[in-house]
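Listed below, chain by chain, are the residues.
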Amino acid sequence: MSQALFNLKGKRALVTGGTQGIGYAIAKGLGVAGATLVINARDPEKLVQCIHALESEGIPAAPALFDVTDVDSVREGVSRIETELGPIDILVNNAGIIRRAPAEDFPEADWEAVLRTNLTAPFLLSKYVGQHMIRRKKGKIINICSLMSELGRDTVSAYAAAKGGIKMLTRNLSTEWAAHNIQVNGIGPGYIATPINTAYREAGNPLNDYIISRTPAGRWGVPEDLVGTAIFLASEASDFVNGQIIYVDGGLLSTFGKPFTH
Ligand code: NAP
Ligand code: GCO
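We now turn to the structure provided with this report.

Calculation notes
Just so you know, the residues in each chain are numbered from 1, in the order the chain's sequence is written. Just so you know, chain letters begin at A and ligand numbers begin at 1, following the order they were written in. Only residues with pLDDT of 70 or above have their local features reported here, since the model is predicted, and side-chain atom pairs are shown and tallied only from 80 upward, although totals for entire chains, interfaces and linings are computed over all residues. Neither water nor hydrogens contribute to the side-chain values; these are computed over all heavy atoms in the structure. The helix count covers DSSP runs of H or I at least four residues long, the strand count covers runs of E at least two residues long, and both are numbered beginning at the N terminus. A 3.5 Å cut-off defines polar contacts: any pair of N or O atoms within that distance qualifies, except that in protein one atom must be a possible hydrogen donor and the other a possible acceptor, and neighbouring residues in sequence count only when both atoms are side-chain atoms. Throughout, near means a residue has at least one heavy atom within 4 Å of the molecule or strand. The Shrake-Rupley method, run with a 1.4 Å probe sphere, supplies the accessible areas, and residue values consider only the shown protein chains as cover. By the convention adopted, Pro, Cys, Tyr, Trp, Phe, Met, Ile, Leu, Val and Ala count as nonpolar, Lys, Arg, Asp and Glu as charged, and the other residues, Gly among them, as polar. Among buried residues, the Ala, Val, Leu, Ile, Met, Phe, Trp, Tyr and Cys ones that are joined through side-chain atoms within 4.5 Å form a nonpolar core. Exposed residues in this analysis have more than 50% of their type's maximum accessible area, buried residues have under 20%, and partly exposed residues fall in between, with area computed by a 1.4 Å probe over protein chains only. Should any heavy atoms of two residues lie within 4.5 Å, those residues are considered in contact. Here the rule is simple: two strands pair whenever DSSP picks up at least two bridges between them. Between the N-to-C directions of two axes lies an angle of 0 to 180 degrees, each axis being a line fitted to C-alpha atoms and, for a helix, fitted only over the stretch in contact. Here the aromatic set is Phe, Tyr and Trp, taking the six-membered ring for Trp, and pairing holds for ring centres within 6.5 Å; pairs whose planes are under 30 degrees apart are stacked, those over 60 apart are edge-to-face, and all others are tilted.

## A look at the environment of serine 213
For step 1, the next point in the chain: With respect to the helices, strands and loops of the structure, serine 213 is situated in helix H7 (residues 206-214).
For step 2, the next point in the chain: For the pair formed by serine 213 and cysteine 145, sequence separation is 68 residues and the distance between their alpha carbons is 22 Å.
For step 3, the next point in the chain: Here the side chain of serine 213 touches tyrosine 210 through a polar contact of 2.7 Å, landing on its backbone oxygen.

What follows is the structure in structure tokens.
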């Protein structure tokens, strides 16, 4: 009984920004759990390498090359998948960027890019995939949120605004689409060791020490730490879970913190 609840066989999953980092780990995990994978990326070379990497591990995957910030590309990309490959049962809105600068100096172009990628694009994907899910009366949407859906931090005003927005977009879509048997939920990763945080993980970087001291688990997360929650939210096991953000953060959001001890 319990294994069948988490079995994704016969389900097609579209993962945006799926060629590296969190997106690749979640896509691979959904594939191992039986899902038929469609990997989105905007870089053709990275997409080919990703598909080959998955296939080398016995996980077939189809490419979906489009820029998630371009509405025409999103609409056409979703239509092509639905028409040529089949129904999208699971959508993982993972693609995201970060730009960092003090708010008073934050470049407007960077603000626009972060909001468009991290908030508008998940809306566009959800809208165009959601139209098909509503018709089928079934679907799973998983939005990748952040600690910055809840907390502010110096230099990440655009990112925090976008991630706060995707938390509320998750709740609002859940409200509108639960009646269509579409569950819309989020995953809020803690500090995860991926390229966007490489600079922080260098030894001696005070932020590295602070992040580890603020995380009760006492370590950085790795992308694979998110896979179990993704499988849960993509599977029948979460059919009565709506509008929830599950934080996979080593306990960071649950603690006031304690004095840093070497
Ligand atoms: P990452 O390694 O930089 O991966 C981000 C992916 O998104 C890249 O493959 C990137 O493709 C893709 N992407 C960016 N803009 C795109 C666009 N316009 N169209 C299509 N794909 C696009 O970062 P990550 O750490 O795995 O982050 C993945 C998600 O998790 C993001 O939403 C991020 O905000 C979120 N997150 C990360 C952490 C963390 O600590 N790492 C924590 C919480 C939340 P390119 O290679 O072409 O740039
Ligand atoms: C930063 C980091 C964070 C993490 C993540 C935390 O500059 O603070 O990049 O934003 O990536 O979003 O959940």
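This is not the end of the story, as more comes after the structure.
## Some remarks on the site of ligand 2
For step 1, the next point in the chain: Among the 14 residues in the neighbourhood of ligand 2, the closest are listed as Arg100, Ser146, Arg153, Tyr159 and Asn197.
For step 2, the next point in the chain: Between ligand 2 and the protein, one listed contact pairs an oxygen atom with a backbone N or O atom of glycine 190 at 3.4 Å.
For step 3, the next point in the chain: Computed on the free molecule, ligand 2 has an accessible area of 330 Å², of which 97% lies beneath the protein chains in the complex.
For step 4, the next point in the chain: Classifying every residue of the shell around ligand 2 gives nine nonpolar, three polar and two charged.

## Here's the deal with the nonpolar core
The nonpolar side chains of soluble globular proteins are, as a tendency, buried together.
For step 1, the next point in the chain: Core analysis: the biggest nonpolar cluster contains 34 residues, and Leu30, Leu37, Ile39, Leu54, Val92, Ile142 and Ile187 have the highest contact counts within it.
For step 2, the next point in the chain: The set of elements that each furnish at least two residues to this core consists of strand E1 (12-15), helix H2 (21-32), strand E2 (36-41), helix H3 (44-56), strand E4 (90-93), strand E5 (139-144) and helix H8 (227-234).
For step 3, the next point in the chain: Ranked by residue count, the leading element in this core is H2, at six residues.
For step 4, the next point in the chain: Leave out the neighbours within four places in its chain, and isoleucine 39 touches Val15, Gly18, Thr19, Ala27, Leu47, Cys50, Ile51, Leu54, Ala61, Ala62, Pro63 and Ala64.
For step 5, the next point in the chain: Judged by nonpolar contacts, the second largest core, of 23 residues, contains Val38, Val68, Trp177 and Val184.

## Overview of the site of ligand 1
For step 1, the next point in the chain: What surrounds ligand 1 is a group of 29 residues, the closest being Arg42, Lys46, Asn94, Tyr159 and Thr194.
For step 2, the next point in the chain: Note that an oxygen atom of ligand 1 is positioned 2.8 Å from one of the side-chain N or O atoms of glutamine 20.
For step 3, the next point in the chain: Alone, ligand 1 offers 890 Å² of accessible surface; in the complex the protein occludes 93% of this.
For step 4, the next point in the chain: Of all elements in the fold, only H2 and helix H6 (157-177) reach the threshold of two or more residues within the shell around ligand 1.
For step 5, the next point in the chain: Looking at side-chain class alone, the shell around ligand 1 contains 13 nonpolar, twelve polar and four charged residues.

## Things to note about the sheet that holds E1
For step 1, the next point in the chain: The seven strands lie next to each other as E3-E2-E1-E4-E5-E6-E7, forming an open sheet whose pairing is parallel. Of all the strands in the sheet, just strand E3 (61-65) and strand E7 (245-248) have a single pairing partner and so form its edges. Along the sheet, successive strands turn relative to each other by an average axial angle of 20°, direction set aside.
For step 2, the next point in the chain: Judged from the five bridges that link them, E2 and E3 form a sheet pairing that is parallel. Along E3, the bridge assignment pairs leucine 37 with alanine 61.
For step 3, the next point in the chain: Most of the contacts of helix H4 (residues 71-85) go to E1, to which it runs at about 155°, and overall it touches E1, E2 and E3.

## Examining the packing of aromatic side chains
For step 1, the next point in the chain: Scanning all chains against the criterion turns up one aromatic pair.
For step 2, the next point in the chain: Judged by centre distance (5.7 Å) and plane angle (85°), the rings of tyrosine 191 and tryptophan 220 are edge-to-face. Highlighted residues: tyrosine 191 in the loop between strand E6 (182-189) and H7 and tryptophan 220 in the loop between H7 and H8, separated in sequence by 29 residues.
For step 3, the next point in the chain: Owing to a relative accessible area of 15%, tyrosine 191 belongs among the buried residues under this scheme.

## Focus: unusual backbone geometry
For step 1, the next point in the chain: Backbone geometry at threonine 155 places phi at a positive 75°, although glycine is not the residue there.
For step 2, the next point in the chain: Tracing the chain through its elements places threonine 155 in the loop between E5 and H6.
For step 3, the next point in the chain: One non-glycine residue, asparagine 181, adopts positive backbone phi at about 60°.
For step 4, the next point in the chain: Mapped onto the elements of the fold, asparagine 181 is located in the loop between H6 and E6.
For step 5, the next point in the chain: Judged by its relative accessible area of 29%, asparagine 181 falls in the partly exposed class.

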